[in-house]
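Breakdown of the fold
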Amino acid sequence: MSVLGIGGLFFRARDPDLLNAWYRDHLGIGAGCAAQDTGDIDEWIWKTQAGPVVFAPFKADTDYFAADKQYMLNLRVADLDGMLPALMAAGIAVETRPEWNDPSVGKFARIHDPEGNAIELWEPPAT
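Quick caveat, the model's predicted, so the values are computed rather than measured. (Residues numbered from 1 in each chain as written. Predicted model: local features only at pLDDT ≥ 70, side-chain atom pairs only at ≥ 80, totals over all residues. Heavy atoms only, no water.)

Here the structure, examined in full by the defined rule, presents five salt bridges. Asp81 is the partner of Lys107 in a salt bridge, and the nearest nitrogen-oxygen pair spans 2.7 Å. Residue Lys107 is located in strand S2 (residues 107-112), and its partner Asp81 is located in helix H2 (residues 80-89); the two are separated by 26 residues in the primary sequence. Note that Arg110 is salt-bridged to Glu120, the shortest N-O span being 3.3 Å. Of this pair, Arg110 sits in strand S2 while Glu120 sits in strand S3 (residues 118-123), placing them ten residues apart in sequence. Both residues of the pair, Arg110 and Glu120, count as buried. Here the residues in one salt-bridge network are Asp81, Lys107 and Glu123, joined through shared partners. (Salt bridge = Lys/Arg side-chain N within 4 Å of Asp/Glu carboxyl O. Helix = DSSP H or I, 4+ residues; strand = E, 2+ residues; numbered from the N terminus. Buried < 20%, exposed > 50% of the residue type's maximum accessible area, 1.4 Å probe, protein only.)

So, about the nonpolar core. Of all hydrophobic cores here, the largest spans 16 residues; its most connected members are Tyr23, Leu27, Ile111, Ile119 and Leu121. Within the residue set of this core, elements represented by two or more residues are helix H1 (16-27), strand S1 (73-76), H2, S2 and S3. Of all the elements, H1 adds the most residues to this core, at four residues. If near-sequence neighbours (up to four positions away) are discounted, Ile111 is found in contact with Trp22, Leu27, Leu87, Ile92, Ala93, Val94, Asn117, Ala118, Ile119 and Leu121. (Core = buried A, V, L, I, M, F, W, Y, C linked by side-chain atoms within 4.5 Å. Contact = heavy atoms within 4.5 Å.)

Enumeration according to the criterion identifies six aromatic pairs in this entry. Taken together, a centroid distance of 5.4 Å and an interplanar angle of 10° make the contact between Phe58 and Tyr64 stacked. Exposure remark for Tyr64: the relative accessible area of 29% places this residue in the partly exposed category. On the numbers, 5.8 Å between centres and 75° between planes, the contact of Phe58 with Phe65 is edge-to-face. An aromatic cluster is built from Phe11, Trp22, Tyr23 and Tyr71, whose rings are joined through pairwise contacts. Stacked on the ring of Trp100, the Lys or Arg Arg110 has its end atom at 4.6 Å from the ring centre. (Phe/Tyr/Trp six-rings, centres within 6.5 Å; stacked < 30°, edge-to-face > 60°. Lys NZ or Arg CZ within 6 Å of the ring centre and 35° of its normal.)

Reading across the sheet, the three strands line up as S1-S3-S2 and stay open at both edges, with mixed pairing between neighbours. Because the sheet does not close on itself, it has two edges, and the strands there are S1 and S2. The average undirected angle you get between the axes of adjacent strands in this sheet is 25°. By the bridge criterion, six bridges tie S2 to S3 in an arrangement that is antiparallel. By the bridge assignment, Lys107 is partnered in S3 with Glu123. Contacting S1, S2 and S3, H1 runs over the sheet at an angle of about 25° to S3. (Pairing = 2+ DSSP bridges. Axes fitted to C-alpha atoms, helices over the stretch in contact; angles between N-to-C directions.)

Okay, structure coming up:
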């Protein structure tokens, strides 16, 4: 068997149109978006840059993210420090903690979408 990567992320939303617009407008992700240096935009898909993906089930009682949520989205970013002021200016609460950062793993911040889903922004260490 040869799995090549994650092909999609599907989740329920009270207002899918609003959530699609929020992710597109504030994070540049979703259908019709393309990461830097990934080519032309396709109206149906989000083109991402190749890179590491962490796939990790957590214990049911983890406190790493909200107990009432079954998942947390982690997005790999290129310039975390450059992103945060724009998110805050848009009225999005940003949480950072020094203990989340580790030079061997990278830097982290947390935000939540309009439906309360946690989003971890991760800037891997420079290679």
